[in-house]
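The residues making up each chain are set out below.
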Amino acid sequence: MSANPREQPGGNPLAPLGRRRTLARLALGWEAIWPAIWPALGVAGVWLTLVLLGLPLLLPGWARMVMAAGFAAALGLALWRGLRGLRLPGLSAADRRLERESGLPHQPLAALTDRPATSDPVALAVWQVHRDRALASIRRLRVGVPRPGLAKRDPIALRAAIGLSLLAALVIAGPEAPERLRRAVTLDIAAPPPTPPMRLEAWVTPPAYTGAAPVFLDAAGGAVTVPAGSRLQVALSGGTGGTPELQLGHTAMPFRALDARSFGAEAVLEQGARLVIRRDAMEVAAWTLTMQADQPPVVAFAEPPGRAARGLALRLPWRVEDDWGVASLTAEIRLKARPSAPPHIIEVPLPPGQPRQARGVSGPDLSAHPWAGLEVEIVLRARDGADQEGVSETASLTLPERSFTHPVAQQLIALRKALSVDPTARAEARRELDRISGAPDAFEHDTTTYLALRAARHRLVRDHRPEAVGEAQDMMWEVALALEEGRAERTARALAEARQQLREALAEAQRQQEQQNGERDAEQRTETERRIQELRDAIRRHLEALAEQLQRENAEAMPFDPRNRLMDRREMERRMDRMRDANRQDRTQDAERELAELEEMLRNLEEGRTARNEQQERRRQQRQRGEQQMGVVQDMVQRETRMLDSGHRRSEAEAQRREAERRAQQQQQRTPWIRPNPQQEQQQAQQRAEAEAQARAEAQREARTQRALRRALGEVMQQFGDLTGEIPPQLGRADQAMREAQEQLAEGGDARDAQQRAIRELQEGARQMAQQMQRQFGQQDGEGEEEGDESGEMMGEGQGQGEGQDQAQDQGPGRDPLGRRTREAPGAQDNGSDTRLPDEAEQLRTRRLQEELRRRGAERERPQEELDYIDRLLRRF
């Protein structure tokens, strides 16, 4: 039997032992190395955690190097201390580990390498058996799991905390981890920064009232013309040298320091001069500045002023122009008979935006002014943004005044004008007021009128303030209006009093007849006849007052009722005559019966008036609701127009910004040696970002406004449909256009096209609404309205100009086949009673519409279709 195991047939039985010895040596090495290098790995983990978190980057370069060196020293010290006594395990140590982990006592692996010391066959046989048993145990050998015993050295698991921190820091650093590691171990020794190139920026800001954009001066120099009063601003940065100097003409001023290398200067330009910028006695740039002087505005009457063709308004055609725009326009009116009196100032509306040229017609209604009916002098005064004033030539005319038919009202208006001419004539005015109030028959014994007259008299006598005359004149005007417009109520009260007094007189006559056996006193009979005559006069005055009131209400005569025969003056006279004859013949009961029939006729008359008034009130309320809805549509047009103007402004601002960037690029290409200042570029980028953010916010706000307008339009369409039963299709198209504009604004796009379509459709829809209102509510109760293009077009911008002429009355005596009064008719006068004039409210609406049309027509940036439409309206009206 061979003593060498490798000589045994069937392979090498010690091959598994060699592999297990290698694994055992590795396990022993790990158990020895890991505790030795753990302190060094901990130091490295702390350093990597700090580096990945970016904390060293907060320190200066030298501090980072000191920190890196400190950690490197700590790492080396830990490695030295851990590895100085380290020894690699040998074969014997590996065998002992295998025997220990496998549970083999008495070191059986040693028998595989030992040899017997004798050659005795018996001993060799025993040794061979022992060796075979050792070889058999190799198959049960186990290496075991390495147990470095680090838990005993790190009982608080500091190694786990360092590992988690390192992992978190690596996640936080992300893709910047390599750069942070590099900068942590690299010494940044920055070279001194190079001197930035010199950059010069100069611009001139015109005065705010001019509305002109700033003028940027070319760095290469040149000649520039700017408005007087402009502000020059110069900014110079970079380069080398001392503080630069600004020389404007013969005046020199140093720049102020903005920082170590930036300087700025400002100056107000009042006159032309040569502008030079010097630095260290060297000329940097130079320009020749020419000042454009601001001229005062020019204002004049486009036509001689006078009374408007219709109504009581004053027609003031004007035109004005200024080199930079007109800020305000006023009309100054002075009383020609008393030039020392304070003038009456009227603000004339101008197109928005301080127009440079404008013309129009102002139509103020001064019929209620104390100077109405007197000759005055009018001067137009225009002011520009520089507070310079332009004055027109003086025009003379007589202010339009309202005509009064009531005698007392005429006297009060005459007295009012006399006080305007001579406010010191208080004594004459007092005597005239005493005379008027002393004849109460002239104003139907109205207590309110009497008290107002006495109050005006007291104001003139007791109040010595100069303002007391104007206050008394206002009282006279109110009394005159009440007498002219409220006569029917006073005559109705006087009629009721006369009826009551006659009824009492007849009752007294009846009692006297019963007491005296059918006989009456002559005195009582005379008293009753006087009461009958007073009733006759009261009825006559009341019918005249009703006729005047109905004429003002656009009705030429009272409505005819077969039961109401009071309209026949001859029938009234017959009844009064029969009542007088019955009184003279002592037939009191017949007189009372005639009085009862007369009262019944008056009652029917009053009920007819009430029914007509109720019907007119219903029509008025319906028209008012329609007008309110049309007013809402017009307000939508105005708000849409403002949003369209805002869109134009945003587009112009964007275009100006792009143009400025283009010019800056061209300037940079012309002067490549002048490098831009990074700080100023950053400020400009920030300003552009803020402007874009502001534009987006404004667009979003307008989108919300557009949504609210759509909702309001839907409500108007529903209400108008309920009122008339028909909705103009143009409003539906306007709603569609407004929806598109809302979507485009919400997305930040250009909504001007959709807004223009919405404005056109809203205007056309308003015109259709006005025509429908005219058809449905303009032909009732005998009233007509003029239809056609003229009224329709005007109602496209607002309510119609009036209700037109009344229908002709029934043909009868004194009328032609068309129902018009003839000159041969008894008592007929050619006073135009068959023609209804618009009232003051309608005239005021008309003037407002015309002013609004002229204002919009002056805005030439509006769409051409809209401008043509406005021009057609203005030519017609």
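Remember, predicted model here, so these are calculated numbers, not experimental data.

1. Here's the deal with the overall build of the protein
Logical step 1: Along the backbone of the protein there are 21 helices and 19 strands.
Logical step 2: Expressed as a percentage of the 877 residues in the protein, the buried residues total 40%.
Logical step 3: The long-range fraction of contacts in the protein, counting pairs at least 24 apart against all pairs at least 6 apart in sequence, stands at 70%.
Logical step 4: Surface accessibility of the protein: about 48500 Å² in total, with carbon and sulfur atoms responsible for 52%.

2. Here's the deal with the sheet that holds strand E5 (residues 245–248)
Logical step 1: The sheet built from 5 strands is open, its strands ordered E3-E10-E9-E5-E6 with mixed pairing. Taken across any chain shown, the strands that pair with only one partner, and hence form the sheet edges, are strand E3 (222–227) and strand E6 (251–254). Strand-to-strand twist of the sheet, defined as the mean angle between neighbouring strand axes without regard to direction, takes the value 25 degrees.
Logical step 2: In this sheet, strand E9 (residues 273–279) lies alongside E5 in antiparallel orientation, the contact comprising 4 bridges. Bridge pairing in E9 places glutamine 247 opposite valine 276.

3. Points about the sheet that holds strand E2 (residues 215–216)
Logical step 1: Across the sheet, which stays open at both edges, the 5 strands sit in the order E2-E1-E4-E8-E7 with antiparallel pairing between neighbours. Sheet topology places E2 and strand E7 (256–257) at the edges, where each strand pairs with a single neighbour.

4. Structural notes on helix H9 (residues 426–437)
Logical step 1: Compared with the 16 Å implied by 1.5 Å per residue over 12 residues, the 16 Å span of H9 between its first and last C-alpha is a close match.
Logical step 2: Within the span of H9, buried status applies to Arg426, Ala429, Leu433, Ile436 and Ser437. Down the axis of H9, the sector holding all buried residues measures 90 degrees, keeping them to one side.

5. Digging into the packing of aromatic side chains
Logical step 1: The final tally for this structure, using the stated rule, is 2 aromatic pairs.
Logical step 2: Arranged with centres 5.8 Å apart and planes meeting at 90 degrees, the rings of phenylalanine 404 and tryptophan 477 form a pair that is edge-to-face. Of the two residues, phenylalanine 404 is situated in the loop between strand E19 (395–398) and helix H8 (407–421) and tryptophan 477 in helix H11 (residues 467–485); the sequence distance between them amounts to 73 residues.
Logical step 3: By relative accessible area, which is 8% here, phenylalanine 404 ends up buried.
Logical step 4: On the basis of relative accessibility, which here comes to 10%, the residue tryptophan 477 falls in the buried class.

6. Some details on the environment of glutamine 500
Logical step 1: By the secondary structure assignment, glutamine 500 is in helix H12 (residues 487–515).
Logical step 2: A polar contact of 2.6 Å, which involves the side chain of glutamine 500, links it to the side chain of arginine 503.

7. Details of the packing of H9 against helix H10 (residues 447–462)
Logical step 1: Direction vectors running N to C along H9 and H10 enclose 165 degrees, while the axes themselves pass 10 Å from each other. Taken together, the axes of H9 and H10 are roughly antiparallel relative to one another. When the axes of H9 and H10 are compared, the crossing they make is left-handed. Contacts between H9 and H10 involve Arg426, Ala429, Arg430, Leu433, Asp434, Ile436 and Ser437 on the former and, on the latter, Tyr450, Leu453, Arg454, Ala456, Arg457, Arg459, Leu460 and Val461.
Logical step 2: In terms of residue class, the contact of H9 with H10 is built from 8 nonpolar, 1 polar and 6 charged.

8. With respect to the nonpolar core
Logical step 1: With 26 residues, the main nonpolar core has Leu314, Trp318, Val320, Leu329, Ile333, Val376 and Ile378 as its most contacted residues.
Logical step 2: Those elements giving two or more residues to this core turn out to be strand E11 (298–301), strand E13 (314–321), strand E14 (326–335), strand E17 (375–384) and E19.
Logical step 3: At 5 residues, E14 tops the list of elements feeding residues into this core.
Logical step 4: By size, the runner-up hydrophobic cluster in this structure holds 23 residues, among which are Ala737, Ile759, Met769 and Met773.

9. Digging into the pattern of salt bridges
Logical step 1: Across all of its chains, the model carries 37 salt bridges by this definition.
Logical step 2: Residues glutamate 534 and arginine 531 are paired through a salt bridge, measuring 3.2 Å at the closest nitrogen-oxygen approach. Linking glutamate 534 with arginine 531, this pair stays in helix H13 (residues 522–552), spanning 3 residues, or about one helical turn.
Logical step 3: By relative accessible area, glutamate 534 is classed as partly exposed at 27%.

10. What about unusual backbone geometry?
Logical step 1: Positioned with a positive phi, aspartate 387 is a non-glycine residue whose angle comes to about 65 degrees.
Logical step 2: If you trace the backbone, aspartate 387 turns up in the loop between E17 and strand E18 (389–391).

11. Considerations on helix H6 (residues 158–173)
Logical step 1: If you check H6, its first and last C-alpha atoms are 22 Å apart, about what 16 residues at 1.5 Å a residue would give, namely 22 Å.
Logical step 2: All buried positions along H6 are accounted for by Ile162, Ala169 and Ala173. Buried residues of H6 fall within an arc of 30 degrees about the axis and therefore sit on the same side. Exposed side chains of H6 directed beyond 90 degrees from the buried face belong to Leu164, Leu167 and Val171.
Logical step 3: At the exit of H6 stands glycine 174, carrying a positive phi of roughly 60 degrees.

12. Observations regarding the packing of helix H2 (residues 61–83) against helix H7 (residues 177–185)
Logical step 1: Following both chains from N to C, one finds H2 and H7 inclined at 95 degrees, their axes separated by 8 Å at the closest point. On the basis of their axis angle, the class for H2 and H7 is roughly perpendicular. Of H7, the residues touching H2 (which contributes Arg64, Met65 and Ala68) are Arg183, Ala184 and Val185.
Logical step 2: When the residues that make up the contact of H2 with H7 are grouped by side-chain class, the tally is 4 nonpolar, no polar and 2 charged.

13. Focus on a positive patch on the surface
Logical step 1: On the surface, a cluster of positive charge is contributed by Arg701, Arg704, Arg707 and Arg711.
Logical step 2: In this fold, arginine 707 is placed in helix H16 (residues 678–724).
Logical step 3: Using a relative accessible area of 32% as the deciding quantity, one classes arginine 707 as partly exposed.

14. What to know about the pairing of E17
Logical step 1: The sheet contact formed by E14 and E17 spans 9 bridges and is antiparallel. If you follow valine 326 over to E17, its bridge partner there is aspartate 384.
Logical step 2: Sheet topology note: the E17/E19 ladder contains 4 bridges and is antiparallel. In the sheet register, glutamate 377 faces E19, and the bridge partner there is serine 396.
Logical step 3: Strand direction decides the pairing type here: E17 and E18, joined by 3 bridges, are antiparallel. Within E18, the residue paired with alanine 382 across the bridge is glycine 390.

15. Details of a nonpolar patch on the surface
Logical step 1: Residues Leu53, Leu55, Leu58 and Ile172 make up a contiguous nonpolar surface patch of roughly 410 Å² in combined accessible area.
Logical step 2: Along the chain, the position of isoleucine 172 falls in helix H6.
Logical step 3: A residue is classified by how much of its surface remains accessible, and isoleucine 172, at 56% relative accessible area, is exposed.

16. Considering the side chain of glutamine 755
Logical step 1: Mapping glutamine 755 onto the fold places it in helix H18 (residues 752–777).
Logical step 2: Contacts of glutamine 755, omitting those with residues within four sequence positions, involve Glu640, Met643, Leu644, Gln706, Ala741 and Leu745.

17. Considerations on the environment of valine 234
Logical step 1: Looking at the secondary structure, you find valine 234 in strand E4 (residues 230–237).
Logical step 2: The class for valine 234 is buried, based on a relative accessible area of 3%.
Logical step 3: Once the C-alpha coordinates of valine 234 and tryptophan 203 are considered, the two residues, 31 residues apart in sequence, prove to be 6.6 Å apart.
Logical step 4: Excluding residues within four positions of it along the chain, valine 234 makes contact with Leu200, Glu201, Ala202, Phe255, Phe263, Gly264, Ala265 and Ile277.

Quick notes on the rules
Residues numbered from 1 in each chain as written. Predicted model: local features only at pLDDT ≥ 70, side-chain atom pairs only at ≥ 80, totals over all residues. Heavy atoms only, no water. Helix = DSSP H or I, 4+ residues; strand = E, 2+ residues; numbered from the N terminus. Buried < 20%, exposed > 50% of the residue type's maximum accessible area, 1.4 Å probe, protein only. Contact = heavy atoms within 4.5 Å. Areas by Shrake-Rupley, 256 points an atom, 1.4 Å probe, with all protein chains shown as cover. Pairing = 2+ DSSP bridges. Axes fitted to C-alpha atoms, helices over the stretch in contact; angles between N-to-C directions. Expected span 1.5 Å × (residues − 1). Arc of directions from axis to C-beta. Phe/Tyr/Trp six-rings, centres within 6.5 Å; stacked < 30°, edge-to-face > 60°. Polar contact = N/O pair within 3.5 Å; in protein donor to acceptor, adjacent residues only side chain to side chain. Parallel < 35°, antiparallel > 145°, perpendicular 65-115°, else oblique. Left-handed = near helix turned anticlockwise from the far one by under 90°. Nonpolar A, V, L, I, M, F, W, Y, C, P; charged D, E, K, R; others polar. Core = buried A, V, L, I, M, F, W, Y, C linked by side-chain atoms within 4.5 Å. Salt bridge = Lys/Arg side-chain N within 4 Å of Asp/Glu carboxyl O. Patch = residues over 30% accessible without salt bridge, like charges linked within 9 Å, V, L, I, M, F, W, Y side chains within 5 Å. Lys, Arg positive; Asp, Glu negative; His and termini not counted. Charge placed at Lys NZ, Arg CZ, Asp CG, Glu CD.

Taken by themselves, the reported measurements are silent on function.
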